[in-house]
Each structure stands twice: as C-alpha cells, then as structure tokens.
Amino acid sequence: MSTGSFAVPASPRQDFASGVVHSLPIVAGAIPFGFLLGSLAAKAGLSALDMGLMSALVFAGSSQFVAVELLDKGSAGLAVVGAILLVNLRHLLMGATLEPRFRGVPRARAGLALFFMTDEQWALALRRGPELSLAYWYGVAATLYLAWLSSTVAGTLAGALIADPTAWGLDFTFIAVFLCLLAGFWRGAGSLPPWLASAAAALAVHALSSGGTWHILAGAVAGGAVAALQAKGQGRTRNV
C-alpha cells in the first residue's frame with residue numbers, strides 16, 4: 001500500500017490516537033460554533049435532516065454559515081452553491097501546500113483524505129510537519145467530522161430554544177480557536193509580513209465590497225503570495 005510522502009508511523013493506531021487528542025481543543029470550540037449554526041439554520045426553516053446532509057456533504061463551517069444566511073433570505077439554490085464555492089476557493093491554496101505530502105498517493109485515496117480538509121485540519125497537518133501520516137490525518141478528520149455533524153444537528157433540533165445564540169457568546173468560540181492556531185504558527189518577526197498582508201487585503205476588500213465573501217479569498221491570496229516571496233528570497237540567500 002503506497003503512502004506517498006507521508007511518514008510511516010511505528011504504530012498507526014498510536015498515530016491515529018495522537019490525531020484525536022490534538023484535535024480535542026478544536027472540538028471544544030467547534031461544538032458551540034456548530035450548535036450556533038444549527039440554531040440559525042432552524043430559524044431559516046431547515047430541518048435537522050437538511051442540516052445533517054449539509055454538514056456531512058459540505059463540511060465547511062464558514063461556507064455553511066453563508067449558505068444558511070442566503071437560504072434565510074430566500075436566495076436561489078444556484079446562488080447558494082456559488083457562494084459556497086467562492087468561500088472555499090482558499091482550499092486550492094491550502095491544498096497546494098500539502099501537495100508534497102500527497103505526492104505518490106493514488107488520486108482516489110488523496111481525494112477522499114482531502115475531502116476532510118478544513119482550516120483546522122490543515123493547520124494541524126502543517127504543525128505535524130515531517131511526522132504527518134495518513135493515520136494522524138484521519139485521527140483528526142474523524143474527530144472533527146463527527147463533532148461538527150453532531151453539534152450542527154443538535155443545534156437545529158434545539159433551534160427555537162435559544163432566542164439569541166450570540167448573547168451566550170457562542171459566536172466568539174471559533175474566533176478564539178483560530179487565534180490559538182495562529183499563535184502556534186508564530187516563528188518570530190518573520191511571521192508578521194504574511195499575516196499583515198492577509199489582514200490588510202481582507203479588511204480592504206471587505207470595506208470596498210458591498211457584502212459577499214471576496215475578502216476571505218483576498219486575504220488568502222495576499223498572505224500566500226507574501227509567504228511565497230519570503231520563501232523564494234530565503235532560498236536565494238542560501239544559494240549565495
């Protein structure tokens with residue numbers, strides 16, 4: 001069985017367990033966030049079955065929030081699908097950074113694994129570095145997937161029980177998770193340029209656009225471009 005460029009752990013079961021453990025802090029933030037999404041979906045008229053299918057097939061929190069908002073406004077199905085694709089365009093850049101790990105992996109297996117790629121999964125994979133294995137990947141994926149699916153469905157079932165989910169601070173939980181993930185990538189002052197470029201681009205596009213989600217893509221492209229230029233410059237320095 002080909003594992004491509006993934007590390008081969010001494011014990012796949014132990015590596016899978018490590019993925020589960022490392023994803024638990026994220027789950028702590030994902031559950032209330034999923035509950036919030038489910039509650040908003042119920043108010044938009046979606047059933048628990050609708051929410052379960054969306055979470056199972058889309059599995060992307062930010063785009064699901066956009067979809068629920070559009071559905072609540074009565075938008076056409078094609079517009080909802082287009083918005084989901086737009087929000088998730090950043091996954092093209094994220095997937096490109098993981099290409100060395102999936103090199104040599106059969107396309108069907110790589111496609112199945114990458115279906116579970118979320119921002120948090122991607123961040124943990126990068127932090128794992130050379131020790132990343134498919135067993136670890138699926139340990140994270142299975143934990144996040146089940147937590148997200150169950151919490152969004154539970155939120156939809158609870159629905160009308162929570163009049164204002166934001167009053168409980170549920171809307172801030174995922175922001176806190178992302179801040180913790182970002183802190184894990186801090187490598188000194190050299191980490192600042194991509195972060196600042198991403199933030200500046202996202203804020204500028206958000207301020208200039210009349211709604212929509214283009215600022216997410218703008219931030220991803222700007223941050224990725226600056227990081228690529230930094231890496232290219234460091235490579236030239238080493239070759240001198």
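Nothing here was measured: the structure is a model prediction, and the numbers come from that model. (Residues numbered from 1 in each chain as written. Predicted model: local features only at pLDDT ≥ 70, side-chain atom pairs only at ≥ 80, totals over all residues. Heavy atoms only, no water.)

Draft legend 1. Representation of a nonpolar patch on the surface in the model. Together, L49, L53 and L57 make up an exposed nonpolar region whose accessible area comes to about 350 Å². Checked against the element boundaries, L53 lands in helix α2 (residues 48-57). Take L53: its relative accessible area is 47%, and that puts it in the partly exposed class. (Patch = residues over 30% accessible without salt bridge, like charges linked within 9 Å, V, L, I, M, F, W, Y side chains within 5 Å. Areas by Shrake-Rupley, 256 points an atom, 1.4 Å probe, with all protein chains shown as cover. Salt bridge = Lys/Arg side-chain N within 4 Å of Asp/Glu carboxyl O. Helix = DSSP H or I, 4+ residues; strand = E, 2+ residues; numbered from the N terminus. Buried < 20%, exposed > 50% of the residue type's maximum accessible area, 1.4 Å probe, protein only.)

Draft legend 2. Region of the structure containing the pattern of salt bridges. Scanning the entire structure with this criterion turns up two salt bridges. Across the pair R128 and D15 runs a salt bridge, and its minimum N-O distance is 2.8 Å. Placement of R128 in helix α7 (residues 119-128) and of D15 in helix α1 (residues 12-43) is noted, with a sequence separation of 113 residues between them. Each member of the pair R128 and D15 is classed as buried.

Draft legend 3. Seen up close, the packing of α1 against helix α8 (residues 134-158). It is the contact of α1 with α8, at a shortest axis distance of 6 Å, that shows an interaxial angle of 20°. The angle between the axes of α1 and α8 places the two elements in the roughly parallel class. As for the relative orientation of α1 and α8, their crossing is right-handed in sense. A class-by-class count of the residues in the contact of α1 with α8 yields 23 nonpolar, 13 polar and one charged. (Axes fitted to C-alpha atoms, helices over the stretch in contact; angles between N-to-C directions. Parallel < 35°, antiparallel > 145°, perpendicular 65-115°, else oblique. Left-handed = near helix turned anticlockwise from the far one by under 90°. Nonpolar A, V, L, I, M, F, W, Y, C, P; charged D, E, K, R; others polar.)

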